[in-house]
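Reading the structure
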Amino acid sequence: MVYQGNIRMIGNGKCNRWYFTFNGNECSGPFPIDAVYHTAGISINSHRAVTIEGLCSGIKAGIVNVEFKVGACANLPLGAPWTSWNSHSRVIIEEVNHPQP
């Protein structure tokens, strides 16, 4: 999975987390595919170009519903998030096979 685009954060002491889900669940193997943007006590209205990428194993064959979501970080309040503001962004999905022993 790869997301290439921008994210925007508005807030003071806020934290937003952008992440992928597969059939409604975050990836557990090897890790979630995510990125965090934290405004550690400063007032901010910032746009950042980002690449968020990772691998997800254990997804069963067939149709897979992939979602790109944003939510609050653990134990921190949600800021005002934006995704792909005034730009062209991309989500690239590639299916790969695990090597056979």
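As the structure is a prediction and not an experimental result, all values here were calculated from the model.

Here's the deal with the packing of aromatic side chains
Scanning the entire structure with this criterion turns up 2 aromatic pairs. One aromatic cluster in this structure is built from Tyr3, Phe20 and Phe68. One cation-aromatic arrangement involves Arg8 over Trp82; the distance from NZ or CZ to the ring centre is 4.7 Å. The ring of Tyr19 carries the charged tip of Arg17 above its face, separated from the ring centre by 4.6 Å.

A look at the side chain of Ser46
Mapping Ser46 onto the fold places it in strand β5 (residues 43-53). Within polar-contact distance, the side chain of Ser46 engages the side chain of Tyr37 at 2.9 Å. Here Ser46 is in contact with Ile7, Arg8, Met9 and Tyr37, once residues within four sequence places are set aside.

Some details on the state of the cysteines
By definition, a disulfide is the covalent link that joins the sulfur atoms of two cysteine residues. Applying the stated rule across the entire model yields 2 disulfides. The side chain of Cys27 participates in a disulfide bridge whose partner is Cys56; the two sulfur atoms lie 2.2 Å from each other. Judged by the sign of its S-S torsion, about 115 degrees, the cystine formed by Cys27 and Cys56 is right-handed. Taken together, the residues Cys27 in the loop between β3 (25-26) and β4 (34-38) and Cys56 in the loop between β5 and β6 (66-72) connect sequence positions 29 residues apart. In this structure Cys56 comes out as partly exposed when scored by relative accessible area, which is 23%.

Quick notes on the rules
Residues numbered from 1 in each chain as written. Predicted model: local features only at pLDDT ≥ 70, side-chain atom pairs only at ≥ 80, totals over all residues. Heavy atoms only, no water. Phe/Tyr/Trp six-rings, centres within 6.5 Å; stacked < 30°, edge-to-face > 60°. Lys NZ or Arg CZ within 6 Å of the ring centre and 35° of its normal. Helix = DSSP H or I, 4+ residues; strand = E, 2+ residues; numbered from the N terminus. Polar contact = N/O pair within 3.5 Å; in protein donor to acceptor, adjacent residues only side chain to side chain. Contact = heavy atoms within 4.5 Å. Disulfide = S-S within 2.5 Å. Buried < 20%, exposed > 50% of the residue type's maximum accessible area, 1.4 Å probe, protein only.

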